[in-house]
Each structure stands twice: as C-alpha cells, then as structure tokens.
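Residue-level structure breakdown
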Amino acid sequence: MKTSNKFTLVRIFAAPIFFILYFLPSWLKCENGSIVSIITICVLIPFLALAEITDYFDGHFARKHNEVSDFGKMFDPFADVFLHLSTFTCFVFTGWMHPVLYILILYREFSQNFLRMVAAKKGTAIAARKGGKLKTVFYITSCFVTLVAEGLVRTTLIKFVPVPDNILHLVPQIFFAVCVILSYASFIDYLKNFGSVLKEAAE
C-alpha cells in the first residue's frame, strides 16, 4: 500500500477506537469526575487531533512521492466521512448534537458518496473541492468544540466555569448547524460541476 493511503487508513481504524473510548465511562458506569472519565477525555482530544492530522500527511506524501491516484481521491474523503460520522454519532447519543442536524449531514454524505460512485463508474474521480474542504474543516472544529464542552462536564471543571448548562449545549449545536449549511452548499457545488455525470448515467 502506498504511504499516502496508509495515512488515510489510520482514520478508518481511528473511528471505532474513538467510539469505544468515548463510551467507555458510560459502559463501565463511571460518573463524571472519576479517573476513567477524566483519562478518556484527556486521551480523546489528542487522539482525534492525531487522526485528523493524517489528512494533511496523506496529501503531502501523495504529492511528494507522486502517489496521486483516482483511488486516493476517493479513499481520502471516504476516510474523512467515516471518522466524522463516527464522532457525530457519539455526540448525538450524548445530546451534544441534535438528531435533525445529524440526519441532514448523513443524507448529504450518502448523497455525495452516491455521486462519487456514479462518477467513478463513468471513469471520473471526484476529488475534494474547496467547498468540501471548508466543510471538512468545520466538521473538525465542531468536533473539538464539543469535546472541550464534554471535557468540562466529565472532569467536573464546569463547576468553576460560569456558563449555564443550556449555553454550554447551545454552542456545539450552532457549530453543527453551520456544518449542515456548509455541507449542502458544497454538495450543490459538486452537483453543478458533476451533475452531468448523474444525468448521463440515469438516461
């Protein structure tokens, strides 16, 4: 396997590990402020950061070693979505992300994936566009904002922060709402540029 694709693969493996670490305190019935709760949140933040930074390295090595390929153009965004939907699922279950926002993002990502599959069958590999990259950046930012909020709760440091509980939960919701807007804006951009592929395949 090419070096660039190995970095991409890291995000695939990171997704279930993140999911397990996130819910471990709940499965072990550990309360907020417990050692397990504190350790897991302290591990989750840098762990996600390391997983996300592989997105830079896969592109870097693809260009450096001339490994840019149609497979990589499809594998990279797939790994991004795989990781981000896993983290979003965690946030939905714990109330940080509204289910409506989650399902809208889910619909968008499945639609985008369908577009990529149809285009690939027609011999066109759809690489990430600027709008898609901006959307991904906001996905990542929203994840870390939510993890910080989760960290305040798990470590019980929220007691020392003068922020009402409703405001604490509102901030991530705002970020996720922006994610929805950006995701659909970028999808419209993809349709404008590659919609002809869908039309041709449907005829």
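Since the structure is predicted, the reported quantities are computational estimates derived from the model, not experimental observations.

Some thoughts on the overall build of the protein
When helices and strands are counted, the protein shows 6 helices and 0 strands. A principal-axis box enclosing the C-alpha atoms of the protein has dimensions of 60 × 35 × 25 Å. Taking all 203 residues of the protein together, 42% fall into the buried category. In the protein, of all internal contacts separated by at least 6 residues, the share reaching a separation of at least 24 is 82%. Carbon together with sulfur atoms contributes 71% to the accessible area of the protein, which is approximately 10900 Å² in total. Here the protein contributes 19 positively and 14 negatively charged side chains, and the mean placements of these two sets differ by 4 Å.

A word on the environment of L147
Within the secondary structure layout, L147 lies in helix 5 (residues 130-154). Note: C-alpha distance between L147 and P172 (25 residues apart in sequence) is 9.3 Å. Those residues in contact with L147 that sit more than four places away from it in its chain are F18, Y22, I41, L44, I45, L48 and F91.

What to know about the environment of R63
If you trace the backbone, R63 turns up in helix 2 (residues 35-64). When its relative accessible area of 60% is taken as the criterion, R63 is described as exposed. Spatially, the C-alpha atom of R63 lies 8.8 Å from that of S4, the residues being 59 residues apart in sequence.

Description of the packing of helix 1 (residues 3-27) against helix 5
Close contact between helix 1 and helix 5 brings their axes to 12 Å; oriented N to C, the two are set at 25 degrees. Between helix 1 and helix 5, the interaxial angle falls into the category roughly parallel. Judged by the twist between their axes, the crossing of helix 1 over helix 5 is left-handed. Contacts between helix 1 and helix 5 involve F18, L21, Y22 and P25 on the former and, on the latter, L147, E150 and R154. In terms of residue class, the contact of helix 1 with helix 5 is made up of 5 nonpolar, no polar and 2 charged.

Some thoughts on the packing of helix 5 against helix 6 (residues 165-202)
Look at helix 5 against helix 6: their axes get within 9 Å of each other, and the N-to-C directions meet at 165 degrees. On the basis of their axis angle, the class for helix 5 and helix 6 is roughly antiparallel. Read as a crossing pair, helix 5 and helix 6 show a hand that is left-handed. Residues of the contact of helix 5 with helix 6, tallied by class, amount to 16 nonpolar, 7 polar and 1 charged.

A few points about unusual backbone geometry
A positive phi angle, near 60 degrees, is found at K29, a position not held by glycine. Note on placement: K29 falls in the loop between helix 1 and helix 2. Under the relative-accessibility criterion, K29 is labelled exposed at 74%.

Here's the deal with the packing of aromatic side chains
To describe a pair of aromatic rings, you give the distance between the ring centres and the angle between the ring planes. Applying the stated rule across the entire model yields 16 aromatic pairs. A ring pair is formed by Y22 and F91, whose centres lie 5.8 Å apart and whose planes are at 75 degrees; its orientation type is edge-to-face. Taken together, the residues Y22 in helix 1 and F91 in helix 3 (residues 70-93) connect sequence positions 69 residues apart. Here Y22 matches F91 in class, with each residue buried. With 6.1 Å between their ring centres and 40 degrees between their planes, F91 and F176 make a pair best called tilted. Of this pair, F91 sits in helix 3 while F176 sits in helix 6, and the two are 85 residues apart along the sequence. For the pair F91 and F176, a shared accessibility class is recorded, and that class is buried. Every member of this aromatic cluster is reached through a ring pair, and the members are F18, F19, Y22, F23, W27, F88, F91, F93, Y139 and F176. Positioned above the aromatic ring of Y190, the side-chain terminus of R116 is 5.6 Å from the ring centre.

The rules behind the values
- Residues numbered from 1 in each chain as written.
- Predicted model: local features only at pLDDT ≥ 70, side-chain atom pairs only at ≥ 80, totals over all residues.
- Heavy atoms only, no water.
- Helix = DSSP H or I, 4+ residues; strand = E, 2+ residues; numbered from the N terminus.
- Buried < 20%, exposed > 50% of the residue type's maximum accessible area, 1.4 Å probe, protein only.
- Contact = heavy atoms within 4.5 Å.
- Areas by Shrake-Rupley, 256 points an atom, 1.4 Å probe, with all protein chains shown as cover.
- Lys, Arg positive; Asp, Glu negative; His and termini not counted.
- Charge placed at Lys NZ, Arg CZ, Asp CG, Glu CD.
- Axes fitted to C-alpha atoms, helices over the stretch in contact; angles between N-to-C directions.
- Parallel < 35°, antiparallel > 145°, perpendicular 65-115°, else oblique.
- Left-handed = near helix turned anticlockwise from the far one by under 90°.
- Nonpolar A, V, L, I, M, F, W, Y, C, P; charged D, E, K, R; others polar.
- Phe/Tyr/Trp six-rings, centres within 6.5 Å; stacked < 30°, edge-to-face > 60°.
- Lys NZ or Arg CZ within 6 Å of the ring centre and 35° of its normal.

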